[in-house]
Amino acid sequence: MPHIVVVGSLNQDLFAYVEHLPRRGETLHARHSARQLGGKGFNQAVGIRRLGVDVDLVGAVGDDAAGETFVRTLDGFGIGRTGLRRLEGSTGLALITVDEGGENTIVLDPGVNHSLTPEMLDDSIAGADAVLVQGELRPETTIRVMDMAKGLKVVNPAPAGLELSPAIARADVVVVNEGEASDLGGTDRLRALGAATVVVTLGQRGSQIDNTVIPAPRVVAVDSTGAGDAFCAALTVALVEGRPIDDSIAWANRAGAAACLRHGSSEALPTRDEVDRLRF
Ligand code: ADP
């Protein structure tokens, strides 16, 4: 049974659904609000666990109530947390407003996600069959993970930033959406940095490797928030299970599409059964 380690962020997401985005100085009444556990690290770890694979999450939460909630929730999912640090300070927080047209604004306080230093990383990274990282930690921490990892290395440089170039250079697989690909200077640039394989996700059109587009199943999408995280989780799982790259991308497309069928991010991540049963 393969074992995957995700090294990444944990954020508490606070959503306020409003008629219009607030103007400077304006106090608005929300139509409703919601609180969710998120962060790309947390979401991708949950995505892998839902696919039935052993996974550990390495990251940091604060010594506050949100940190406590994360610890309980990870235990509930059966996600390993020996590499999760509880640090003095606040757990990451995202304040998200969403208007009636679906436009949003996000204020992100990384909190202790940015206190996780390379020295705090543990041995589980070296022992993993695959390691999956994103761009929400301090770049030097993510880069150190890539040096410690001995198995498959998957990098999802989101949000995009060239300070992650050394991590991209050490990656077996890089996953970016179209916006991130262009922010990072295009796929040729990513390959020139040293990324062995670059996969670009194209929303409902599926995803692309080299010049080949691999289509996603058609679904009636209600909320595409968790799609990218579901895709990264499923691609890593399929590759570590030994499936060929094209086949792995096709399966990750199915997971991304399945994540669009439910609202929310971590709540929307599909189980293996849901991915396999999705009709094309
Ligand atoms: P991100 O959420 O990071 O911007 P994408 O929107 O490209 O990423 O979505 C990731 C993957 O999820 C896509 O490659 C595709 O496989 C799947 N996906 C996303 N939106 C849809 C959709 N509306 N219908 C079907 N599949 C989708």
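Please read these numbers as outputs of a predicted model, since none were measured by experiment.

Peer 1: Could you clarify how one ought to interpret the sheet that holds strand E9 (residues 152-156) in this entry?
Peer 2: Hydrogen bonds between backbone atoms are what pair the strands of a sheet, whose relative direction is either parallel or antiparallel. Strand order in the open sheet formed by nine strands is E5-E4-E1-E8-E9-E10-E11-E12-E13, with mixed pairing between adjacent strands. Two strands close off the open sheet at either side, each with one partner strand: strand E5 (84-87) and strand E13 (212-214). Across the sheet, the axes of successive neighbouring strands diverge by a mean angle of 20°, strand direction being ignored. Sheet topology places E9 next to strand E10 (residues 173-177); two bridges connect them, and they run parallel.

Peer 1: Which parts of the structure should I look at to understand the packing of helix H1 (residues 40-50) against helix H2 (residues 65-77)?
Peer 2: Orientation of H1 relative to H2, taken along the N-to-C sense of each, is 20°, at an axis distance of 11 Å. Looking at the two axes, H1 sits roughly parallel to H2. The element H1 and its partner H2 pack so that their crossing is left-handed. Touching Phe42, Val46, Arg49 and Arg50 of H1 are Phe70, Thr73, Leu74 and Phe77, all from H2. The class makeup of the residues in the contact of H1 with H2 is five nonpolar, one polar and two charged.

Peer 1: Where do I start with the nonpolar core in this structure?
Peer 2: The tendency in soluble globular proteins is for nonpolar side chains to be buried side by side. Within the largest apolar cluster, 43 residues are counted, with the highest numbers of intra-cluster contacts made by Ile4, Leu10, Phe42, Ile48, Leu57 and Leu235. Elements supplying a minimum of two residues to this core: strand E1 (3-7), H1, strand E4 (54-62), H2, strand E8 (130-134), E10, helix H8 (227-240) and helix H9 (245-259). For this core, the element with the highest residue contribution is H8, accounting for 10 residues. Counting 32 residues, the second largest nonpolar core, distinct from the first, contains Leu87, Leu116, Ile125 and Met148.

About the cut-offs
Residues numbered from 1 in each chain as written. Predicted model: local features only at pLDDT ≥ 70, side-chain atom pairs only at ≥ 80, totals over all residues. Heavy atoms only, no water. Pairing = 2+ DSSP bridges. Helix = DSSP H or I, 4+ residues; strand = E, 2+ residues; numbered from the N terminus. Axes fitted to C-alpha atoms, helices over the stretch in contact; angles between N-to-C directions. Parallel < 35°, antiparallel > 145°, perpendicular 65-115°, else oblique. Left-handed = near helix turned anticlockwise from the far one by under 90°. Contact = heavy atoms within 4.5 Å. Nonpolar A, V, L, I, M, F, W, Y, C, P; charged D, E, K, R; others polar. Core = buried A, V, L, I, M, F, W, Y, C linked by side-chain atoms within 4.5 Å. Buried < 20%, exposed > 50% of the residue type's maximum accessible area, 1.4 Å probe, protein only.

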